[in-house]
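Reading the structure
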Amino acid sequence: MKQYWEELTKGIWKKNPILIIGIGMCPTLAVSTSISNALWMTLAATIVLVCSNILVSMVKSIVPGHIRIPIFITIIAAFVTIVELTLNAFQPAVYQALGIFIPLIVVNCIILGRAEEFANKNGIIFSALDGIGMGLGFGLTLTVLAMIREILGANKLFGLTLIPGMEPSSAMIIAPGAFFTLAFMLCGMNYINSRKKE
Amino acid sequence: MNNIVKPTLVLGLIALVASMALSHIKKITYPNILKQEKEKQERALAMVLPGYAVGDKVTVKVDGGDFSYWPAHKDESGAVKKAYAFITSSTGYSGDVVSMVGVDEAGTILGLSILQQGETPGLGARSVEVASKNTFWQTITGNAKEEGEMSPWFQQQFTGLNGKNKITIIKKGDWDPSIKDELLSRNAITAITGATITSRATIKGVEKGMDSLAKALEAASQAAPAGAQSITGGAR
Amino acid sequence: MEIKVLFTILISTIFINNYVLYQILGLCPFLGVSKKLDSALGMGLAVIFVMTLASFITYLVYKYILVPYDITYLRTIFFILVIAALVQLVEMIIEKTSPGLYQALGIFLPLITTNCAVLGVAVLNINSGFIDAEMGLLKSVIQGFGGGVGFTLALLLMAGIRERLELAEIPENLKGLPITFIIAGIMALAFLGFSGMKI
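Description of the structure in this document. Keep in mind that this is a model prediction, so the values were computed, not measured.

For chain A, the count of helices and strands is nine helices and two strands. Across chain A, helices and strands are ordered from the amino to the carboxyl terminus as α-α-α-α-α-α-α-α-β-β-α. Its C-alpha radius of gyration of 18 Å places chain A within 12% of the 16 Å reference for a compact globule of 198 residues. With respect to the principal axes defined by its C-alpha atoms, chain A has extents near 60 × 50 × 30 Å. In chain A, once contacts between residues fewer than 6 apart in sequence are set aside, the share between residues at least 24 apart is 74%.

Structure, rendered in structure tokens:
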């Protein structure tokens, strides 16, 4: 039982895909302009991650070793297309807002990385838990980042104005703000981890 | 040989299964996607031609490209007023800004609705922003005021401007009712802060569309004897 | 007139809409391969090559396979497979014909498949409306080439700075990724200056 719990929670802090492993940066930085974008991206990426982890761990024994990467990519791309079609049909506004970053979930290193590194070596249940945990870790980081950027860059939270009449710093909402915010989050993470060691 | 054939077969098989699964999903979602798009177009038509009966879409060739417009009419104290809606696009910061514009015969813009844009979130993408006047604190403490129907401020400021004259940009920050008269008298809009390119692209789209509309109408009136070109299609 | 349009696309993808510093695409190789100048140059050249070719082929695939058979919803799957196959092919060709170049680029080529700038440019070519546009193929190829050049530019600048950074004294907690992101942020701010360019 403890092991299941371990696989589920490791993604949130100990092996956080973004802050510790350092993968999946592009969608993290690009869609963290508002909390609602961050939450929808988390949902989309987590669904793809969990489904592809499960399927990869199911087919791992029949896949010839040297062509496994193209096969994993095909599986991931199929799930991404399912998510893309579903969002387009039922949440067109979200589909518009996330734009190019929905098809780009395919090349999110977290998903291929977990398929190759974890699902390819572990059973179905562990793979599913790993997917959920990694998705949560990704989502949590993304949401914190988005919250900081939305407050500073748009003077808003969940799309509602915080301080009327204040002009926000629009640099925070574009690329530089994304880089700076993540830099300080990583720095904070390093600080906490180094304090723990002592 | 075998180590080429087998992987190819496995990969082909997986690709086949994946495409079959996807085509199934597509069948389920496609009607909804079409419905959404149709509703979006109808909403846009109602927004840019308020109160008008809109006729059927007309597509003609203008300057080598396709140009679509909708003729519309409205009875106002006995006289029939004619108006047109058209779809136009212009290059913004990233990709095209596609908008639908409604104008009456004098060239006064009755409404503008941005159908598609891929501009920077938080900057150019604010062209479709529908801003709530309530603040975050008012909402969570339950003090939010009733706002009625909210409309996107950037698109709304085009209403009432003259599309046949040059529309200018003045930088006054976000739109609010106090600058409305000044903007109207100067035939101008206020740009989105930090996204002048998007604002300019929207105006350019209007200019381009007005130009194409004039050419299309002229061609139509030459093809048909005067008076006969009036209204294609009736009220829906 | 057309030359001007093409030139505009080229300049805007290299400087104004720089894939790394404005659109935030292709960060993994940007962070991973920017420690040394010569490997950054190798990676950059490989990316320019693959992005240009990928733009060319995905354009043809989309226009002459996906659109006629009405299967544009399979876009993502087709594009990523085309890119993966292309990268493999390029690797094989370079290995056979030019061992010197292969030694320089070899290890970077497999990494390019998951470089989101490559898939990004393929999707952006479609989203920019190049499919129905006049000279769309040329425009796509130029956008791909410009994207690759912009990526290389950012990568080389970053590698140059990071080589110097090795010798600098940095607070313990900022070492590694955090300081790299701060530099990327400052570079992105500098690149914003290009957005005032009127072309």
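Further remarks concern a nonpolar patch on the surface. A cluster of nonpolar side chains, contributed by A:Met1, A:Tyr4, A:Met58, A:Ile124 and A:Ile125, occupies part of the molecular surface with about 560 Å² of accessible area. Secondary-structure assignment places A:Ile124 in helix H8 (residues 124-154).

Bringing the pattern of salt bridges into the picture now. For the coordinates displayed, the defined rule picks out twelve salt bridges over all chains. A salt bridge links A:Arg114 to A:Glu117; the shortest N-O distance between them is 3.8 Å. Remark: A:Glu117 and A:Arg114 occur in helix H7 (residues 109-119); sequence separation between them is three residues, near one turn of the helix. Classification of A:Arg114 by relative accessible area gives buried; the value is 6%. Close ionic contact of C:Lys175 with C:Glu172 constitutes a salt bridge, the shortest N to O distance being 3.6 Å. One salt-bridge network, held together by shared partners, links A:Glu7, A:Lys10, A:Arg114, A:Glu117 and A:Asp130.

Within the element layout of this structure, C:Asn173 appears in the loop between helix H8 (136-165) and helix H9 (177-192). Residue C:Asn173 is classed as buried on the basis of its relative accessible area, which comes to 19%. Apart from residues lying up to four places away in sequence, C:Asn173 is in contact with A:Cys187, A:Asn190, A:Tyr191, A:Ser194 and C:Pro178.

Quick look at the environment of B:Ser99 now. Residue and element names in this part refer to chain B. Residue placement: Ser-99 occurs in strand S5 (residues 96-104). A residue is classified by how much of its surface remains accessible, and Ser-99, at 1% relative accessible area, is buried. Sequence separation between Ser-99 and Gln-36 is 63 residues; the distance between their C-alpha atoms is 17 Å. Beyond its immediate sequence surroundings of up to four residues, Ser-99 is in contact with Phe-86, Ile-87, Thr-88, Leu-112, Ser-113, Ile-114 and Leu-115.

Residue and element names in this part refer to chain C. Mapped onto the fold, Thr-52 is located in helix H3 (residues 37-66). Side-chain polar atoms of Thr-52 contact the backbone oxygen of Ile-48, separated by 2.6 Å. Excluding anything up to four places from it in sequence, Thr-52 contacts Val-141, Gly-144 and Phe-145.

Across the boundary between the two partners, chain C contributes ten residues, which contact ten residues of chain B. Together, the buried faces of chain C and chain B total about 950 Å²; carbon and sulfur atoms form 59% of this surface. Linking chain C with chain B are zero salt bridges, by the criterion used here. On inspection of chain C and its partner chain B, the count reaches zero residue pairs in polar contact (both at pLDDT 80 or more). Here the side of chain C that touches chain B is built from residues that sort into five nonpolar, three polar and two charged.

Listed by partner, the interface residues are 38 residues for chain A and 36 residues for chain C. Between chain A and chain C, roughly 3100 Å² of surface is buried when both sides are summed, and carbon and sulfur atoms account for 84% of that area. Considering only the surface of chain A that becomes buried against chain C, A:Cys26, A:Val107 and A:Phe179 emerge as the three largest contributors, covering 20% of it. Where chain A packs against chain C, one counts one salt bridge.

What follows concerns unusual backbone geometry. Residues and elements named next belong to chain C. Residue Ile-24 is not a glycine yet carries a positive backbone phi of 55 degrees. By the element assignment, Ile-24 lies in the loop between helix H1 (2-16) and helix H2 (27-32). Exposure remark for Ile-24: the relative accessible area of 3% places this residue in the buried category. A positive phi angle is found at Asp-70, which is not glycine, with a value near 60 degrees.

What counts, and where the lines are drawn
- Residues numbered from 1 in each chain as written.
- Chains lettered and ligands numbered in written order.
- Predicted model: local features only at pLDDT ≥ 70, side-chain atom pairs only at ≥ 80, totals over all residues.
- Heavy atoms only, no water.
- Helix = DSSP H or I, 4+ residues; strand = E, 2+ residues; numbered from the N terminus.
- Rg over C-alpha atoms; globule rule 2.2 N^0.38 Å.
- Contact = heavy atoms within 4.5 Å.
- Patch = residues over 30% accessible without salt bridge, like charges linked within 9 Å, V, L, I, M, F, W, Y side chains within 5 Å.
- Areas by Shrake-Rupley, 256 points an atom, 1.4 Å probe, with all protein chains shown as cover.
- Salt bridge = Lys/Arg side-chain N within 4 Å of Asp/Glu carboxyl O.
- Buried < 20%, exposed > 50% of the residue type's maximum accessible area, 1.4 Å probe, protein only.
- Polar contact = N/O pair within 3.5 Å; in protein donor to acceptor, adjacent residues only side chain to side chain.
- Buried area = accessible area lost by both parts, 1.4 Å probe.
- Nonpolar A, V, L, I, M, F, W, Y, C, P; charged D, E, K, R; others polar.

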